[in-house]
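Report on the structure
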There are 2 protein chains.
Amino acid sequence: MKLAKLSVMRLFQYKEFLIRAKSIGIKNLFSDDLAEAMGTTSTQVRKDFSLFGLSGNKRAGYKLDDLLAQLNELLGKNEKQRVVIVGAGNIGRALMKYEGFYKDGLEIVALFDSDPNVYNETATPPVLPLEHLYEFVNRNKIEVGVIAVPYHAAQQVLDIMILAGIKGVMNFAPIALRAPKDLYINDVNLKLELESVAYFVNALKRDRTKNDV
Amino acid sequence: MKLAKLSVMRLFQYKEFLIRAKSIGIKNLFSDDLAEAMGTTSTQVRKDFSLFGLSGNKRAGYKLDDLLAQLNELLGKNEKQRVVIVGAGNIGRALMKYEGFYKDGLEIVALFDSDPNVYNETATPPVLPLEHLYEFVNRNKIEVGVIAVPYHAAQQVLDIMILAGIKGVMNFAPIALRAPKDLYINDVNLKLELESVAYFVNALKRDRTKNDV
DNA sequence: GATTATACGTGAAAAGATTCACAAAAACTA
DNA sequence: TAGTTTTTGTGAATCTTTTCACGTATAATC
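All of the points below concern the structure found in this document. (Residues numbered from 1 in each chain as written. Chains lettered and ligands numbered in written order. Predicted model: local features only at pLDDT ≥ 70, side-chain atom pairs only at ≥ 80, totals over all residues. Heavy atoms only, no water.)

Quick word on the overall build of chain A
- When you go through chain A residue by residue, the secondary structure sums to 8 helices and 8 strands.
- Relative to its full complement of 213 residues, chain A shows a buried share of 48%.
- The long-range fraction of contacts in chain A, counting pairs at least 24 apart against all pairs at least 6 apart in sequence, stands at 56%.
- Approximately 10,900 Å² of chain A is accessible, and the part contributed by carbon and sulfur atoms is 53%.
- Separation between the mean location of the 28 positive side-chain charges and that of the 25 negative ones in chain A comes to 6 Å. (Helix = DSSP H or I, 4+ residues; strand = E, 2+ residues; numbered from the N terminus. Buried < 20%, exposed > 50% of the residue type's maximum accessible area, 1.4 Å probe, protein only. Contact = heavy atoms within 4.5 Å. Areas by Shrake-Rupley, 256 points an atom, 1.4 Å probe, with all protein chains shown as cover. Lys, Arg positive; Asp, Glu negative; His and termini not counted. Charge placed at Lys NZ, Arg CZ, Asp CG, Glu CD.)

Right, here's the structure in full:
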């Protein structure tokens, strides 16, 4: 299957919305309703569905339960995915504490750090010494990892992850990591995202004042 | 100017790399070096530069100091941008504690929350009651805000921000916000990002086993 | 049961982003 | 200083994603 990354991301969002819609008793909906809720267009919604073979009923739209079942099948709700986080700093701990993961099949099973002051083997999830990363991942067959360490340590951590069998990484370190291409890397750079907001605010302001003249 | 969002984001990343390169004594470099460091191509680098009128020297590449000066000019390093964060939960506090912002022109001037237990007016940045958001933003002419509240509160917070004069928002709430189109919104959905990693790991695995048969 | 209205599904067109290909400028060489 | 090499800068081509346009199925109405 082609990796239609943006469509997949939207499918997850549709799913999220459908779960909420279900919880308030909605049984049927149209692509327009989804589009409206997601800030996109009904065509986009239907195109995404079309790409992945999700279908509804002409004239009557979609049955929420059916659609949700199809999405869960497609997005793999049933396969629980265990995740390790490396770096127990601000971001690592924020992710750890986020309760929303579990119900969607994501389980944070351990954090790792190089600072002995933060070790806590009895917590859930435990915070373990970085030296145990390889063995832990390897033994427990973990496939997804989060890198939340300073940039100078990130490549090193990734190399261990790869050796240990990790197949997909969410990377918060602001650096381009080297990896074999069968590893899936998702870079998330929060500073960059915030900087870009500041930039566009300024850019739009400049634009506006220029046009006023 | 056209909003070439992806190019702008890359420009910020080039800048980040240049700062590091400068700190280890590099004086000149080629588009190839930048590309290599960023995991992209030299053509992409030059195209980005071309789009924004950044130029170097044929055959001799780029003088690091010149390039950095041009980037700072373009990306507005000099204009300090003050930011408020609404929501003093895990993500809000993680951002607050991140020290990397300040040196790049971003200053977190206050957090806001609805929970009296987290108020702390004397801290830096202070954590203030949500009711003060409008007045604070309005009085201090803040233009950038971060929404790090649960999804059901996000629209309400945004509405206040808009009234108070905010022009750009980084939104961590997993919901499509309604806003006039002169407001710049950057949605960041961490759960979605992690879910998608898990999805692609599974998808690639399925693919691989299928091809092995 | 025939007619009509509505919303889906999807090729085709458009828009947006990346890569190609090469002319031209600058530095180095002899 | 003439010739060669290297790297930039950018139109054109390609690839990707989104939007358009419309045929078709289905529910509702008469």
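Quick word on the protein's contact with DNA strand D
- With respect to spatial proximity, 22 residues lie near DNA strand D, and among them Ser-31, Arg-46, Gly-56, Arg-59 and Tyr-62 of chain B are the closest.
- Per the 4 Å cut-off to the protein, sugar and phosphate atoms form 62% of the nearby atoms of DNA strand D.
- Between Lys-58 of chain A and DNA strand D, the recorded distance is 3.4 Å, taken from a backbone N or O atom to a sugar or linking oxygen.
- Of the residues contributing to the surface near DNA strand D, the split by class is 4 nonpolar, 10 polar and 8 charged. (Near = heavy atom within 4 Å. Polar contact = N/O pair within 3.5 Å; in protein donor to acceptor, adjacent residues only side chain to side chain. Nonpolar A, V, L, I, M, F, W, Y, C, P; charged D, E, K, R; others polar.)

Some words on the pairing of strand β4 (residues 106–113) of chain B
Residues and elements named next belong to chain B.
- The buried fraction of β4 amounts to 7 of the 8 residues, a majority that puts the element mostly inside the structure.
- Both strand β3 (residues 81–86) and β4 contribute to a ladder of 6 bridges, which runs parallel. Bridge assignment links Val-84 to a residue of β4, and that residue is Ala-110.
- Tracing the backbone out of β3, into helix α5 (residues 90–97) and back to the parallel element β4 gives a crossover that is right-handed.
- Alignment of β4 against strand β5 (residues 127–129), held across 3 bridges, turns out to be parallel. In the strand pairing of β5, Asp-113 is matched with Pro-129. (Pairing = 2+ DSSP bridges. Right-handed = clockwise from strand over helix to strand, strands pointing away.)

Describing the protein's contact with DNA strand C
- Within the structure, DNA strand C sits among 22 residues, and Ser-31, Arg-46, Gly-56 and Tyr-62 of chain A together with Arg-10 of chain B are positioned closest to it.
- Here the atoms of DNA strand C within 4 Å of the protein split so that 62% fall in sugar or phosphate, with bases taking the remainder.
- One nitrogen or oxygen atom from the side chain of Ser-50 of chain A is found 3.1 Å from a phosphate oxygen belonging to DNA strand C.
- Arg-59 of chain B is positioned such that a nitrogen or oxygen atom in its side chain is 3.3 Å from a base nitrogen of DNA strand C.
- Residue classes in the surface near DNA strand C are distributed as 4 nonpolar, 10 polar and 8 charged.

Describing the relation of the copies chain A and chain B
- You can overlay chain A on chain B at an RMSD of 0.1 Å; the transform is a turn of 180° with a shift of 0.0 Å along its axis. Taken together, the turn and the small shift mark the pair as related by a two-fold rotation axis. Among all residues of chain A, the minimum C-alpha distance to the rotation axis is found for Ala-94 of chain A, at 3.3 Å. (Least-squares fit on C-alpha atoms with pLDDT ≥ 70 in both.)

Examining the interface of chain A and chain B
- Across the boundary between the two partners, chain A contributes 66 residues, which contact 67 residues of chain B.
- Both sides together, the interface formed by chain A and chain B hides about 6,100 Å², and carbon and sulfur atoms give 63% of it.
- Remark: the boundary between chain A and chain B carries 8 salt bridges.
- Where Lys-205 of chain A meets Glu-143 of chain B, a salt bridge forms, and the shortest distance between an N and an O atom there is 3.0 Å.
- Of the residues forming the side of chain A that touches chain B, the biggest block, 18 residues, is contributed by helix α8 (residues 190–212) of chain A. (Buried area = accessible area lost by both parts, 1.4 Å probe. Salt bridge = Lys/Arg side-chain N within 4 Å of Asp/Glu carboxyl O.)

Points about the packing of helix α1 (residues 5–23) of chain B against helix α2 (residues 31–38) of chain B
Residues and elements named next belong to chain B.
- Running from N to C, α1 and α2 cross one another at 100°; their axes reach a closest spacing of 10 Å. Overall, the two elements α1 and α2 adopt an arrangement that is roughly perpendicular. In contact with Arg-10, Gln-13, Tyr-14, Phe-17 and Leu-18 of α1, α2 contributes Leu-34, Ala-37 and Met-38.
- Looking at the contact of α1 with α2 residue by residue, the classes come out as 6 nonpolar, 1 polar and 1 charged. (Axes fitted to C-alpha atoms, helices over the stretch in contact; angles between N-to-C directions. Parallel < 35°, antiparallel > 145°, perpendicular 65-115°, else oblique.)

What about the environment of Gly-92 of chain A?
All names here are of chain A.
- Among the structural elements, Gly-92 can be located in helix α5 (residues 90–97).
- Spatially, the C-alpha atom of Gly-92 lies 18 Å from that of Leu-192, the residues being 100 residues apart in sequence.
- Beyond its immediate chain neighbours, meaning those up to four positions away, Gly-92 contacts Ile-85, Gly-87, Leu-111 and Ala-148.

Some remarks on the environment of Pro-150 of chain A
- Locating Pro-150 of chain A in the fold gives a position in the loop between β6 (144–147) and α7 (151–164).
- Judged by its relative accessible area of 49%, Pro-150 of chain A is partly exposed.

Some words on unusual backbone geometry
- The linkage connecting Thr-124 of chain A with the following residue, Pro-125 of chain A, adopts the cis geometry, with an omega of -5°.
- Residue placement: Pro-125 of chain A occurs in the loop between β4 (106–113) and β5 (127–129).
- Of note, Arg-59 of chain B is a non-glycine position whose phi angle comes to about 75°, a positive value.
- You will see that Lys-141 of chain B, though not glycine, has its phi angle at about 55°, which is positive.
- Counting through the fold element by element, Lys-141 of chain B comes out in the loop between α6 (133–140) and β6 (144–147).

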